[in-house]
Amino acid sequence: MTLPTDPAARLRLDRYDLPAARRGDFLDAMADTLGLLRVLPGFLGHTVLEHPLPGDRVLLVTVAAWASQDAIDAAQARAREAFAAQGVDPAARLARWGGTVTRDVLAPRG
């Protein structure tokens, strides 16, 4: 993924800490979500970073590049609609897997 340099662009970083045994489940769920996001207006790219953690845990960091904060907001609304239609609660699913997430949205500095 090429990082955007446009000051209006945004990078959404989601850091997931979860049991290593749930890595495959997470990646499958992420692939489903990415299939939805990558066709939305303003989506610029995506990558995943991974690092092992102590205690048989793994850190997975997803980085999604968007053209603007408005594009992120619209994508979040569309994802909520899609999850609701599928009867999926991503936060509850992550909790069942024993995972946690922290999120940030960052702007490029040029």
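Structure shown above.
Residues numbered from 1 in each chain as written. Predicted model: local features only at pLDDT ≥ 70, side-chain atom pairs only at ≥ 80, totals over all residues. Heavy atoms only, no water.

**Overview of the packing of aromatic side chains**
Phase 1: Scanning all chains against the criterion turns up two aromatic pairs.
Phase 2: Aromatic side chains tyrosine 16 and phenylalanine 26 sit 4.6 Å apart centroid to centroid with 55° between the ring planes, which places their arrangement in the tilted category. Taken together, the positions of tyrosine 16 in strand β1 (residues 10-19) and phenylalanine 26 in helix α1 (residues 23-37) put the pair ten residues apart, joining distant regions of the chain.
Phase 3: We classify tyrosine 16 as buried; its relative accessible area is 12%.
Phase 4: Note on phenylalanine 43 and tryptophan 66: the rings are 5.2 Å apart at their centroids and 80° apart in plane angle, and the pair reads as edge-to-face. Here tryptophan 66 lies in strand β3 (residues 57-66) and phenylalanine 43 lies in strand β2 (residues 43-53), a separation of 23 residues in the sequence. An identical accessibility class is assigned to phenylalanine 43 and tryptophan 66; each is buried. (Phe/Tyr/Trp six-rings, centres within 6.5 Å; stacked < 30°, edge-to-face > 60°. Helix = DSSP H or I, 4+ residues; strand = E, 2+ residues; numbered from the N terminus. Buried < 20%, exposed > 50% of the residue type's maximum accessible area, 1.4 Å probe, protein only.)

**Description of the pairing of β2**
Phase 1: Alignment of β2 against β3, held across ten bridges, turns out to be antiparallel. Bridge pairing links leucine 53 to arginine 57 in β3. (Pairing = 2+ DSSP bridges.)

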